[in-house]
Amino acid sequence: MMVVVDGAGDREGNSPTPLEAARTPNLDKLASVGTLGLLYTVGRGVAPESDAGVFSLLGYDPLSTHLARGVVEALGSGVAFENGDLALRAGFATVKGDRLIDRRAGRNLSTGEAKELGSAVNSELRLKNEIQFDFRPTVGHRAVVVFRAGKNHFSSNISNFDPAYVRKGNVSVAVPSTESYELPKCEPLDRKPETIRSAALVNEFGYKAREILDKHPVNIRRKREGKLPANWILMRDAGTEKLTVPSFNAKWKLNPAMIADLPVELGIGKLLGMKVVQLEPGTSIEGYRERAKLAVKLAKEHDFVYVHLKGPDEPGHDGMYELKKKRIEEIDTGFFSALASSKELEKIVICVTCDHSTPWKDKAHSDDPVPLLIVNEGTPGDRKRARFTEKDAKVGPLGTIPFGRVVLERLLGPSAS
């Protein structure tokens with residue numbers, strides 16, 4: 001069982017990290033009988049997005065494979081996609097004048113509001129050459145957009161229409177957060193006609209969407225209530241081809257299942273042929289407890305269970321130390337308490353880690369390594385007082401592992417694929 005606590009990792013400094021400050025007796029109990037180390041999920045010097053982090057942890061190399069989060073999120077959201085179409089991860093944001101002032105529209109856009117705005121974009125926005133598209137809000141401010149190719153295929157070799165993530169090779173990496181940004185512009189990364197046309201299309205869509213969103217009743221109401229308007233659509237991680245990789249079962253000879261709630265993880269699970277169980281998004285203690293019980297049940301029927309726990313990442317992005325700490329404690333009280341009390345625990349090899357670090361001072365993903373914990377009945381335990389923290393992981397017997405994709409190789413031994 002691989003349990004990924006989204007964005008829980010942070011950066012050591014003069015004061016305790018949220019993991020160090022959090023009261024986590026159940027996770028501490030696992031750490032005391034397991035083995036700790038540090039892990040670079042994608043590689044040293046890379047501040048990865050969640051898609052690259054998860055893909056790597058499942059044993060694949062995002063640096064040599066263009067995963068294309070846009071395509072993955074379309075798959076996870078149930079949006080139709082054909083080779084040659086152009087898919088991008090999208091999200092509602094707030095602009096004022098010529099500045100982008102909030103990348104998540106205050107982080108309080110309800111899914112209902114987003115769907116109202118999305119409906120207006122789909123019905124009112126018209127693109128040149130009658131290019132068709134499907135803009136699909138998913139959860140909160142998040143969305144995905146797919147432009148239909150028709151007779152002319154698109155190119156994914158374009159820059160992100162989002163200043164917080166920069167394309168570097170096959171992945172996007174986070175850049176340090178600022179209070180505001182210049183309005184983004186999508187640029188072609190080569191001079192092929194289809195690339196130039198694709199970049200121009202993204203720009204056209206983004207600026208035309210603003211005209212519709214600015215005057216929409218949802219945003220008029222939000223401004224009246226003192227909330228930020230969701231009057232801009234960010235887009236990044238373009239893709240034009242369905243990724244073809246060996247299924248998880250074919251690669252690792254394990255029958256896999258996944259528990260997740262957001263399109264990016266769900267899309268990766270579907271892409272890799274895993275049994276995907278989608279739960280309602282949420283960060284309640286009861287919700288975490290439900291995930292633990294379900295994970296144990298799935299472990300009786302499958303050789304490998306992946307569990308993705310949202311919670312600490314968002315307050316990390318928002319610079320909210322206390323809330324990040326609280327979310328970690330809620331996961332311990334809900335998920336790890338239920339897991340630790342299960343009679344099936346001794347039959348399960350458990351791996352606990354993060355898909356990336358989200359230091360609360362940075363308000364963005366970073367290239368810092370994350371803690372890695374492996375609990376295996378056949379492996380001698382760590383120090384009695386070891387905890388799942390950056391500090392203890394740094395001196396753990398596992399050492400520092402350079403790539404997330406080798407974790408499963410370590411667990412399964414030399415015969416692993």
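First things first, this report covers the structure right here in the doc. Throughout this document, residue positions are counted from 1 along each chain, in the order its sequence is written. Residue-level local features of this predicted model are given only where pLDDT is at least 70; pairs of side-chain atoms are given and counted only at 80 or more, and the full residue set underlies all totals for whole chains, interfaces and linings. Note: side-chain values were computed over all heavy atoms of the structure, leaving out hydrogens and water.

Comments concerning the packing of helix α10 (residues 285–301) against helix α12 (residues 321–340)
Angular values range over 0 to 180 degrees, each being the angle between N-to-C directions of two axes fitted as lines to C-alpha atoms, with helices fitted over their stretch in contact. Put simply, DSSP H or I for four residues or longer makes a helix, DSSP E for two residues or longer makes a strand, and each gets a number counted from the N terminus. Contact pair α10 / α12: the axes reach a minimum separation of 7 Å and the direction vectors enclose 25°. The angle between the axes of α10 and α12 places the two elements in the roughly parallel class. The element α10 and its partner α12 pack so that their crossing is right-handed. Two secondary-structure elements touch here, α10 through Ile285, Tyr288, Arg289, Arg291, Ala292 and Val296 and α12 through Glu330, Ile331, Thr333, Gly334, Phe335, Ala338 and Leu339. In the scheme used here, Gly and all other residues not listed as nonpolar or charged are polar, with Ala, Val, Leu, Ile, Met, Phe, Trp, Tyr, Cys and Pro taken as nonpolar and Asp, Glu, Lys and Arg as charged. In terms of residue class, the contact of α10 with α12 is made up of 8 nonpolar, 2 polar and 3 charged. In this scheme, roughly parallel covers angles under 35 degrees and roughly antiparallel covers those over 145, while 65 to 115 is roughly perpendicular and the rest are oblique. With the far helix as reference, a near helix turned anticlockwise by less than a right angle produces a left-handed crossing, and one turned clockwise produces a right-handed crossing. Contact between two residues is taken to exist if any of their heavy atoms lie within 4.5 Å; hydrogens are not considered.

Concerning the packing of helix α5 (residues 111–124) against helix α6 (residues 193–214)
At a minimum axis separation of 10 Å, α5 and α6 run at an interaxial angle of 115°. The two elements α5 and α6 cross, and the hand of that crossing is right-handed. On the side of α5, the interface is formed by Leu117, Ala120, Val121 and Glu124, while α6 contributes Phe205, Ile212 and Leu213. Looking at the contact of α5 with α6 residue by residue, the classes come out as 6 nonpolar, no polar and 1 charged.

Quick word on helix α9 (residues 263–271)
Burial runs high along α9: 7 of the 9 residues are buried. Burial in α9 covers these residues: Pro263, Val264, Glu265, Leu266, Gly267, Ile268 and Gly269. Buried residues along α9 sit against α3 (50–57), α4 (69–77), β11 (256–260), β12 (275–278) and β13 (304–309). Downstream of α9 by one or two residues, Gly273 has phi in the positive range, about 75°. Think of it in three bands: with a 1.4 Å probe and only protein chains considered, a residue is buried below 20% of the maximum accessible area for its type, exposed above 50%, and partly exposed in between.

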